[in-house]
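Each chain is listed here by its residues.
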Amino acid sequence: MLDGAIVLYPCPGSGHLVSMVELGKLILSNHPSFSISIIIPTAPFETAATHDYIATVSTAIPSITFYHLPSVVLPQNAFFSAKDFPALVYQLGQLNNPNLYETLLAISKRSNIKAFVIDFFCNASFQVSSSLNISTYYYFTSGANNFSYLIYFPKIHRSLNKSLKDLDDMKLEVPGSPSIRAKDMPEITLDRTTYEYRCFVETAFNMTKSSGIIVNSFELFEERACRALANGECAPDDTMPAVYFIGPVVNEKNDGCGKEKHECLSWLDNQPSQSVVFLCFGSMGVFSTKQLKEIAIGLERSGIRFLWVVRTPPPNDETVEKLAETDPSTESFLPEGFLERTKDRGHVVKSWAPQVAVLSHDSVAGFVSHCGWNSVLEAVCAGVPMLAWPLYAEQKMNQTFLVEEMKVALPVKASEEGLVSAAELEKRVTELMEWDKGKAVRERVKAMKEGAAAATSDGGSSRVALAKLAESFKQG
Ligand code: UDP
């Protein structure tokens with residue numbers, strides 16, 4: 001007998017969207033008595049890869065129904081960068097509300113909606129589902145330490161009369177998590193006068209009024225934070241709803257959507273076991289030419305085998321965040337002769353590599369990552385230690401958590417201007433791949449790999465949490 005419909009509402013942006021769809025697959029495979037509907041907002045910056053991914057899921061699992069919202073006109077000419085992302089998706093959420101309302105109504109005429117699960121960036125939709133009396137859950141696509149800072153943030157907000165950007169080295173403290181320097185908080189939290197800041201605070205507020213919060217992590221990986229959250233210590237002035245740690249939720253099939261084997265995997269086949277460091281910086285990571293040259297020199301001097309995903313620098317090389325509009329060859333922004341000199345032990349891939357497949361390849365022994373949460377979980381599931389090189393969003397916090405708390409990464413240190421020198425990269429890559437420091441994080445990440453597998457096996461903490469979540473859905 002069917003238990004009713006679970007409607008999922010992801011935020012655009014591949015990292016968020018894929019994670020939510022994978023959550024839908026997870027719910028369906030463990031609790032097939034629910035039907036899954038996914039409402040996809042149309043965003044100006046979605047890529048062909050995201051469309052291919054949805055098409056693949058929709059063909060492979062016809063019992064998941066996708067609804068595509070019509071596109072809306074964004075007020076600004078949305079040139080898309082990582083920095084603009086939060087404001088853009090918050091606006092998009094608000095503009096989509098009328099269409100979302102109609103879609104939810106239409107679904108509710110066909111099935112009994114038991115729960116509406118929204119990405120935390122889709123906070124505007126909380127108002128719509130509440131007005132329709134639908135139980136609403138938030139899905140937090142990052143980790144538990146991070147989530148502690150979000151849900152505790154209204155208290156930080158009330159205790160300060162200045163913006164975080166003016167507090168520089170002041171450290172923020174949240175129960176169950178390492179302290180974070182004010183300036184290392186996500187960009188949206190730095191200036192209390194902005195629209196996105198208000199949305200962020202309101203999200204934390206609404207979350208405490210929701211039916212529950214789903215976090216993409218597992219208890220063993222973030223023990224202290226999970227405990228503090230479960231005890232309600234992180235929302236001291238509100239009632240904390242149930243928090244479900246159901247992760248790691250990763251897209252294990254992220255190998256190029258079933259297309260031919262990627263050439264970089266064939267290259268890896270020809271490298272010795274556990275010899276290659278992989279460098280890849282998420283869906284939005286882009287560097288200036290100056291930074292790319294430092295990376296290249298550092299890799300060359302280290303003598304270590306590498307697989308490096310390189311994106312074209314922004315057209316205005318002063319601003320590292322803008323995505324490229326032109327498409328020059330990789331050679332044009334790497335040091336002269338670099339590709340030729342390193343051809344026996346290095347491989348450069350333009351724009352995109354099948355990261356999950358790369359990380360689980362036997363030749364790969366280290367990962368230089370921007371600390372995006374999907375990348376972190378994929379590395380943990382593959383048992384690959386990281387060099388944490390944060391670029392945007394919550395990634396500076398993730399660096400602290402990964403290095404100080406979970407101990408699965410070594411840090412990369414940038415200059416005040418944000419540049420990582422060739423010497424720094426050479427030193428850190430060598431530490432990761434060859435020194436005792438690397439050995440310690442390698443052993444720790446292997447233990448977490450086993451912990452992740454146990455958490456997602458029958459009776460494991462994440463499966464138990466998922467069963468509790470399903471029970472809660474049924475009460476709808
Ligand atoms: N990814 C990939 N190949 C690339 C770059 C990214 O497969 O060349 C995938 C990666 O495996 C991960 C996602 O894109 O699943 C990036 O998500 P993450 O949360 O790490 O970072 P974001 O892109 O959201 O900053």
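Definitions and limits used
Residues numbered from 1 in each chain as written. Predicted model: local features only at pLDDT ≥ 70, side-chain atom pairs only at ≥ 80, totals over all residues. Heavy atoms only, no water. Helix = DSSP H or I, 4+ residues; strand = E, 2+ residues; numbered from the N terminus. Expected span 1.5 Å × (residues − 1). Buried < 20%, exposed > 50% of the residue type's maximum accessible area, 1.4 Å probe, protein only. Arc of directions from axis to C-beta. Contact = heavy atoms within 4.5 Å. Near = heavy atom within 4 Å. Polar contact = N/O pair within 3.5 Å; in protein donor to acceptor, adjacent residues only side chain to side chain. Areas by Shrake-Rupley, 256 points an atom, 1.4 Å probe, with all protein chains shown as cover. 1 Å grid on protein atoms, 1.4 Å probe; cavity = no way out; pocket = protein on both sides within 12 Å on 5 of 7 lines; lining within 4 Å. Points joined across faces, edges and corners; volume = space filled by probe spheres on them. Nonpolar A, V, L, I, M, F, W, Y, C, P; charged D, E, K, R; others polar. Pairing = 2+ DSSP bridges. Right-handed = clockwise from strand over helix to strand, strands pointing away. Axes fitted to C-alpha atoms, helices over the stretch in contact; angles between N-to-C directions.

Observations regarding helix H2 (residues 48–60)
If you check H2, its first and last C-alpha atoms are 18 Å apart, about what 13 residues at 1.5 Å a residue would give, namely 18 Å. Restricting attention to buried positions, one finds in H2 the residues Thr-50, Tyr-53, Ile-54 and Val-57. One side of H2 holds all its buried residues, which, seen down the axis, span an arc of 95°. Among the exposed residues of H2, those oriented more than 90 degrees off its buried face are Ala-48, His-51 and Thr-59. For H2, the secondary structure elements touched by its buried residues are helix H1 (14–30), strand E2 (34–40) and strand E3 (64–68).

Some thoughts on the site of the ligand
Taken together, 18 residues surround the ligand, and among them Ser-283, Ala-353, Ser-375, Glu-378 and Tyr-392 come closest. A distance of 3.3 Å is found between an oxygen atom of the ligand and a side-chain nitrogen or oxygen belonging to Gln-355. Contacts to the ligand include Asn-374, whose side-chain N or O atom sits 2.9 Å from an oxygen atom. Relative to its unbound accessible surface of 540 Å², the ligand loses 91% to contact with the protein.

Some points on the layout of surface pockets
Space inside the second largest pocket adds up to approximately 1,500 Å³. In terms of lining residues, the second largest pocket is bounded by 45 residues, among which Pro-390, Lys-396, Ala-414, Ser-415 and Gly-418 are the most central. For the lining of the second largest pocket, the secondary-structure elements that each account for two or more residues are strand E7 (180–181), helix H9 (289–302) and helix H13 (395–405). In terms of residues, the lining of the second largest pocket owes the most to one element, H13, which gives 6 residues. Taken together, the residues that form the lining of the second largest pocket break down as 19 nonpolar, 10 polar and 16 charged.

A look at the pairing of strand E10 (residues 276–280)
Counted residue by residue, E10 has 5 buried out of 5 residues, so it is predominantly covered. Burial of the side chains of E10 extends over both faces: Val-276, Phe-278 and Cys-280 are buried on one face and Val-277 and Leu-279 on the other. Direction of pairing for E10 relative to strand E11 (residues 305–310): parallel, over a ladder of 4 bridges. Looking at the pairing, Phe-278 lines up with Leu-307 of E11. At this point the chain moves from E10, through H9, to the parallel E11, and the crossover so formed is right-handed.

Here we look at the sheet that holds E10
One open sheet holds the 6 strands; their spatial order is E12-E11-E10-E13-E14-E15, and the pairing between them is parallel. Strands at the two margins of the open sheet, each flanked by one partner only, are strand E12 (346–350) and strand E15 (409–411). Each neighbouring strand pair of the sheet contributes to a mean axis angle of 20°, computed without reference to strand direction. Alignment of E11 against E12, held across 5 bridges, turns out to be parallel. By the bridge assignment, Leu-307 is partnered in E12 with His-347.

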